[in-house]
Amino acid sequence: MTTLGLVVAQFNRPITEQMEQEALEAATAAGAEVYETVQVPGAYDAPLAADRLARRDAVDAVAVVGTVITGDTDHDQVITDATAQRLSDVSLERDTPVTLGVTGPGMSAAEARERVENAATAVEGALDLVDELPASDSQQ
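Residues numbered from 1 in each chain as written. Predicted model: local features only at pLDDT ≥ 70, side-chain atom pairs only at ≥ 80, totals over all residues. Heavy atoms only, no water.

### Quick notes on the environment of Gln77
Okay, step 1: Positionally, Gln77 belongs in helix α3 (residues 75-94).
Okay, step 2: Classification of Gln77 by relative accessible area gives partly exposed; the value is 35%.
Okay, step 3: Linking Gln77 and Gln21, residues 56 residues apart in sequence, is a C-alpha distance of 26 Å. (Helix = DSSP H or I, 4+ residues; strand = E, 2+ residues; numbered from the N terminus. Buried < 20%, exposed > 50% of the residue type's maximum accessible area, 1.4 Å probe, protein only.)

If you want it as structure tokens, here you go:
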């Protein structure tokens, strides 16, 4: 059974709560176990939590979910760019799939609510990567 770590951003909680539920349902439907769910203040805080989960031998992959809603500045772009880059770095540095289920930037709250299923897509992607990636040299 594949074991996942799940990171959930709390900012915009009415939406991320639905995303968390979508992620958990997707894991259950796929026969995967969620080893641990870590709640972080916002998407920008997710890479550290993802890194800590990816270090655990029991965790095969990490899915990160959250939403970044646009405001009057480019802050949403800055946050999502930094988050995506650092999550990619964690995946490569830990040799563990880390998937991005963070929606945004440039979205309204209504648009974000329409995309809560991206959380399930992040879980499905993590599981697919675990199944499809060749074993690393350290695992052979």
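### Comments concerning the pairing of strand β4 (residues 98-107)
Okay, step 1: As paired elements, strand β3 (residues 61-69) and β4 share 7 bridges and run parallel to each other. Of the residues in β4, the one forming a bridge with Ala63 is Thr99.
Okay, step 2: Taken together, β3, α3 and β4 form a β-α-β motif whose crossover is right-handed. (Pairing = 2+ DSSP bridges. Right-handed = clockwise from strand over helix to strand, strands pointing away.)

### A short note on the UniProt feature "active site" (unreviewed entry) in the protein chain
Okay, step 1: Per the UniProt record, the feature "active site" (unreviewed entry) sits at His75.
Okay, step 2: In this structure, His75 sits in helix α3.
Okay, step 3: Overall, His75 belongs to the exposed group, its relative accessible area being 52%. (UniProt positions renumbered as here; feature names shortened; annotations may be inferred.)

### Topic: the packing of helix α1 (residues 13-29) against helix α5 (residues 118-132)
Okay, step 1: Where α1 meets α5, the axes come as close as 7 Å, and the angle between the chain directions of the two elements is 35°. As for the relative orientation of α1 and α5, their crossing is right-handed in sense. Contacts between α1 and α5 pair Met19, Glu22, Ala23, Ala26 and Ala27 from the former with Ala119, Ala120, Val123 and Glu124 from the latter.
Okay, step 2: By residue class, the composition of the contact of α1 with α5 is 7 nonpolar, no polar and 2 charged. (Axes fitted to C-alpha atoms, helices over the stretch in contact; angles between N-to-C directions. Left-handed = near helix turned anticlockwise from the far one by under 90°. Contact = heavy atoms within 4.5 Å. Nonpolar A, V, L, I, M, F, W, Y, C, P; charged D, E, K, R; others polar.)

### Thoughts on the UniProt feature "binding site: 5-amino-6-(D-ribitylamino)uracil" (unreviewed entry) in the protein chain
Okay, step 1: In the numbering adopted here, UniProt assigns the feature "binding site: 5-amino-6-(D-ribitylamino)uracil" (unreviewed entry) to Phe11, Ala43, Tyr44, Asp45, Thr67, Val68, Ile69 and Leu100.
Okay, step 2: Judged by relative accessible area, which is 8%, Ala43 ranks as buried.
Okay, step 3: Ala43 has contacts with Ala9, Val68, Ile79, Thr83 and Val102, leaving out every residue within four places of it along the chain.
Okay, step 4: Mapped onto the elements of the fold, Tyr44 is located in the loop between β2 (33-40) and α2 (46-54).
Okay, step 5: Contacts of Tyr44, omitting those with residues within four sequence positions, involve Ile79, Ala82 and Thr83.

### Some thoughts on α3
Okay, step 1: Taking 1.5 Å of rise per residue, the 20 residues of α3 would be expected to cover 28 Å, and the 28 Å separating its terminal C-alpha atoms lies within 8% of that figure.
Okay, step 2: For α3, the complete set of buried residues consists of Asp76, Ile79, Thr80, Thr83, Leu87, Asp89, Val90 and Ser91.
Okay, step 3: Where α3 is buried, its residues meet α2, β3 and β4.
Okay, step 4: Immediately beyond the C-terminal end of α3, within one or two residues, lies Asp95, with a positive phi of roughly 55°. (Expected span 1.5 Å × (residues − 1).)

### Considerations on the nonpolar core
Okay, step 1: Ranked by size, the top nonpolar core spans 21 residues in total, and within it Leu4, Leu6, Met19, Val65 and Val123 carry the most contacts.
Okay, step 2: Of all the elements in the fold, those that place two or more residues in this core are β1 (3-9), α1, β3 and α5.
Okay, step 3: Examining the composition of this core, we find that 6 residues originate from one element, α5, more than from any other.
Okay, step 4: Beyond its immediate sequence surroundings of up to four residues, Val65 is in contact with Leu6, Val7, Val8, Ala9, Met19, Gly101, Val102 and Ala119.
Okay, step 5: If you look at the next biggest cluster of nonpolar residues, it comprises 18 residues, including Ala43, Ala49, Ile79 and Val90. (Core = buried A, V, L, I, M, F, W, Y, C linked by side-chain atoms within 4.5 Å.)

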